[in-house]
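Topology and contacts: notes
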Amino acid sequence: MIGLELLLLIFLVFCAIATVLCKRLVSAIIIFMAYSAVMSLIWFLLQSPDLAITEAAVGAGMTSLLFFLTLQRINQLKGLEQDEDNTKQ
Amino acid sequence: MLELILEQRYYMISIILFAIGFVTLFLHPNLIKKIIGLNLMDTSIFLFLAAMGYVGGGQAPIIEEGSSWTMYINPVPGGLVLTGIVVAVSTTALFLSLTHRLYRKYHSLNLDVILMLAKKGQEDT
Amino acid sequence: MKTTQNNNSLFRRILQWASESEKESADAPEDPERQEFQEYLEYIDAHDYIEFGAYRYMRYQQRKELGLDEPTFHHHIEPSIPQKKQNVKKSHHKQGLLRKQLGWYRIASVFITCVIILILCLVVMELPKFGDLNAPALNEVAQRYLQQGREETGAVNAITGMILEYRAFDTFGESVVLFAAAISTLLLLRTPNQPLKQRKAGDEILTMVSKYLLPMIILFGCYVVLYGHISPGGGFSGGAILGAALILASLVLGAGEVERVLTSKRVTYITVFSLLTYAAMKSYSFYTGANHVGWAIPKGEAGHLFSGGFLLPLNLCVGLIVACTMYTFYTLFIPTEEE
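Residues numbered from 1 in each chain as written. Chains lettered and ligands numbered in written order. Predicted model: local features only at pLDDT ≥ 70, side-chain atom pairs only at ≥ 80, totals over all residues. Heavy atoms only, no water.

1. Some details on the overall build of chain B
Our working rule: A run of DSSP states H or I qualifies as a helix once it reaches four residues; a run of E qualifies as a strand once it reaches two. Both are numbered from the N-terminal end. Using C-alpha atoms as the atom set, the radius of gyration is obtained and then compared with a globule rule of 2.2 Å times the number of residues to the power 0.38. Accessibility here uses a 1.4 Å probe with only protein chains present; expressed as a share of the type maximum, an area under 20% marks a residue as buried, one over 50% as exposed, and anything in between as partly exposed. Contacts: residue pairs with any heavy atoms within 4.5 Å of one another. Using the Shrake-Rupley algorithm and a 1.4 Å probe, accessible areas are obtained, with residue cover drawn only from the displayed protein chains.
Looking only at helices and strands, one finds 5 helices and 0 strands in chain B. Scanning chain B from its N terminus toward the C terminus, one meets helices and strands in the order α-α-α-α-α. Scaling as 2.2 N^0.38, a compact globule of 125 residues should have a C-alpha radius of gyration of about 14 Å, whereas chain B reaches 21 Å, well beyond that. Along the three orthogonal principal directions, the C-alpha set of chain B runs to about 75 × 40 × 15 Å. Taking all 125 residues of chain B together, the buried fraction comes to 64%. In chain B, the share of contacts with a sequence separation of at least 24, taken over all contacts with a separation of at least 6, comes to 47%. Within the structure as shown, chain B displays about 4600 Å² of accessible surface, and the carbon and sulfur contribution to it stands at 67%.

2. Some thoughts on unusual backbone geometry
With a phi angle near 65°, Gln 47 of chain A is a residue other than glycine that sits in the positive phi range. You can see Gln 47 of chain A is positioned in the loop between helix 2 (25-45) and helix 3 (49-78). Classification of Gln 47 of chain A by relative accessible area gives partly exposed; the value is 27%. The backbone of His 107 of chain B sits at a positive phi, close to 55°, despite the residue not being glycine. Among the secondary structure elements, His 107 of chain B is positioned in the loop between helix 4 (75-106) and helix 5 (111-124).

3. Re a nonpolar patch on the surface
For the record, the criterion: Nonpolar side chains (Val, Leu, Ile, Met, Phe, Trp, Tyr) are joined into patches within 5 Å and like charges within 9 Å, using only residues with over 30% relative accessible area and no salt bridge. Whenever a carboxyl oxygen of Asp or Glu lies within 4 Å of a side-chain nitrogen of Lys or Arg, that contact is scored as a salt bridge.
On the surface, Phe 111, Ile 112, Val 115, Ile 119 and Val 123 of chain C cluster together into a nonpolar patch covering about 450 Å² of accessible area. We classify Phe 111 of chain C as exposed; its relative accessible area is 55%.

4. Focus on the interface of chain B and chain C
The criterion, for reference: Joining two parts hides part of their accessible area as seen by a 1.4 Å probe, and the buried area is that hidden amount summed over both. As used in this structure description, the phrase polar contact means that two N or O atoms lie within 3.5 Å; if the pair is within protein, one of them must be able to donate a hydrogen and the other to accept it, and residues adjacent in sequence are counted only when both atoms belong to side chains.
On the chain C side, the residues contacting the 63 residues of chain B number 72 residues. Both sides of the chain B and chain C interface together cover about 6500 Å² of buried area, and 72% of this is carbon and sulfur. Counting every contact that joins chain B to chain C gives 0 salt bridges. Here chain B and chain C share 8 residue pairs in polar contact (both at pLDDT 80 or more) between them. When residues of the side of chain B that touches chain C are traced back to their parent elements, those giving at least two are helix 1 (2-7), helix 2 (9-27), helix 3 (31-53), helix 4 and helix 5 of chain B.

5. A look at helix 12 (residues 311-333) of chain C
As a reminder, the rule being used: How far a helix is expected to stretch is found by multiplying one less than its residue total by 1.5 Å.
A rise of 1.5 Å per residue sets the reference length of helix 12 of chain C, with its 23 residues, at 33 Å; its end C-alpha atoms lie 33 Å apart and thus fit the reference within 8%. Of all 23 residues in helix 12 of chain C, 19 are buried, a share of seventy percent or more.

6. What to know about the packing of helix 4 of chain B against helix 12 of chain C
So the rule is basically this: Structural elements are reduced to axes, namely lines fitted to C-alpha atoms, with helices fitted over the stretch in contact, and the angle between N-to-C directions of any two is expressed from 0 to 180 degrees. Each angle gets one of four labels, with under 35 degrees taken as roughly parallel, over 145 as roughly antiparallel, 65 to 115 as roughly perpendicular, and the rest as oblique. Helix crossings get a hand from a simple test, with the near helix turned counterclockwise from the far one by less than a right angle marking a left-handed crossing and a clockwise turn marking a right-handed one. Residue polarity follows a fixed list, in which Ala, Val, Leu, Ile, Met, Phe, Trp, Tyr, Cys and Pro are nonpolar, Asp, Glu, Lys and Arg are charged, and the others, Gly among them, are polar.
In the contact formed by helix 4 of chain B and helix 12 of chain C, the axes pass within 11 Å of each other and the chain directions differ by 20°. When the axis of helix 4 of chain B is compared with that of helix 12 of chain C, the two are roughly parallel. When the axes of helix 4 of chain B and helix 12 of chain C are compared, the crossing they make is left-handed. Of the residues in helix 12 of chain C, those touching helix 4 of chain B at Val 86, Val 89, Ser 90, Ala 93, Leu 96 and Ser 97 of chain B are Val 322, Met 326, Phe 329 and Phe 333 of chain C. Counted by class, the contact of helix 4 of chain B with helix 12 of chain C contains 8 nonpolar, 2 polar and no charged residues.

7. Some thoughts on the nonpolar core
Basically, it comes down to this: The criterion is simple. A nonpolar core is a set of buried Ala, Val, Leu, Ile, Met, Phe, Trp, Tyr and Cys residues joined through side-chain atoms within 4.5 Å.
Formed by 111 residues in total, the largest nonpolar core has its most connected members in Leu 12, Tyr 35, Ile 42, Trp 43 and Leu 46 of chain A together with Leu 17 and Leu 47 of chain B. Examining the composition of this core, we find that 13 residues originate from one element, helix 12 of chain C, more than from any other. Discounting chain neighbours no more than four positions away, the residues touching Leu 46 of chain A are Tyr 10, Leu 47, Ala 50, Ala 51, Tyr 54 and Ile 73 of chain B together with Phe 130 of chain C. Grouped together as the second largest cluster of nonpolar side chains are 8 residues, Tyr 106 and Leu 117 of chain B together with Phe 37 and Leu 41 of chain C included.

8. So, the confidence of the model for chain C
Residues and elements named next belong to chain C. Note the following rule: The quantity known as pLDDT measures the predictor's confidence residue by residue, on a range of 0 to 100.
Across chain C, pLDDT averages 75, with 64% of residues at or above 70. Within chain C, no element has a lower average pLDDT than helix 1 (residues 10-24), which sits at 56, and none a higher one than helix 8 (residues 204-226), at 90. Overall, residues 1-7 carries pLDDT values under 50, and its contacts beyond four positions in sequence, including any with other chains, amount to 17 contacts. In this model, residues 71-94 is a region of pLDDT below 50 whose contacts with residues beyond four sequence positions or in other chains number 22 contacts. As scored by the predictor, the complex reaches a pTM of 0.77 and an ipTM of 0.87.

And the structure:
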């Protein structure tokens, strides 16, 4: 059990560093989604199912969706199509 | 020493996550990355609180009749974190809308460029 | 602002701005700062996440090679009045110093973070062991919530009983915070008189998957809200799931389908109504001395929906508030037709 917990925790740190260092904003947000999903797993291991449900719906769903919609609006202001690279401007 | 770190693994990892978020919030020039850093700090603190509430061998606090209270984990941090998560989303939405407004005015997500443009605008008027 | 073509990208626009304003003040002495700013823009155009400190350092190296030790000043503002010029120079000298300190800012923030990590790690080593039963966090408060919570609040799920009964005022504050965040986002992002962008209904894969998935999600959300007092879940989690389901429905059905049923006015009405209902129920509770005089709270029983007294309607209110807030965020953030 400790092995699984350690694996998830190290994955968490790895995800956090990758989110920060990633050049493309879209990829960074997708990695942040993975981070939230793993976080909800960890909360399930910590015997808090309430938190796990909320984090899965809110962190992986709502927050990333808001980030994506903001990026879409910004790309629209730039006059680009939606899925183009955001940083190479 | 290593055993102690292994014992306190949740606390250590939450501190590391907090540090990553903190450095991102201070040093990354991109506004969206700054907001992601803020979210990282949020979740790390939630992880710390949830780990504080855990009791070894405890169950989730769905109480059965006639059971002793030491069988369950501490419900207080759980309640705090539950409301905290939802409020974190609303603050994220607020920050993102502010970012959008800034982008509409200055056409950049880079905070340095925004500050320089704002300074230019002040000097021009 | 009317950007539909590709040539209006960020840096081209700013470069255009910089060159135009240089043309205007052609007879003014050459402005090194504007030039430097333009070079900086070109530089970050080439390297997409260049940091400001690194760029300053590069400029400093270049200047050192040329033999210019002094930082260059911005001196075309009012050159006719010597006294004022001196003042301007002084203030700009200070700003130059500030910019030099930007490099120090980076080093200092990393240093401060390292110190904080060190202190926190030392503190963590002294904390009670993870999962320790005798930790001071597990004090008489948690003991009371776990031992008598079921009788006093009627909730099987101790967390729901805690946040809706013992700490109901706190939860009310959180709901008001949600409402305030939705309102301020509305103030910041609303663009009246602009129609929503005509999004075509979702593509085939999304439609096929969500045809089977959407009823399940809605059912699960309703279950989590309604059974929040006797199983894991509650208003906050279930409301988030319901909000996500609404957003998925609006993505699949295309623009305007969900918006026709749930207009922004109705969403606001539902939120306010839920907030007021919550406030009324809790006011009754507080007025009667927080023990619900006249209402014998039935004990919660696992598997029985109507068994927790006030908890079911309170959960419903919180769930509605959260779902409506999530949906409001979504409707505010989707792109409009013209920006």
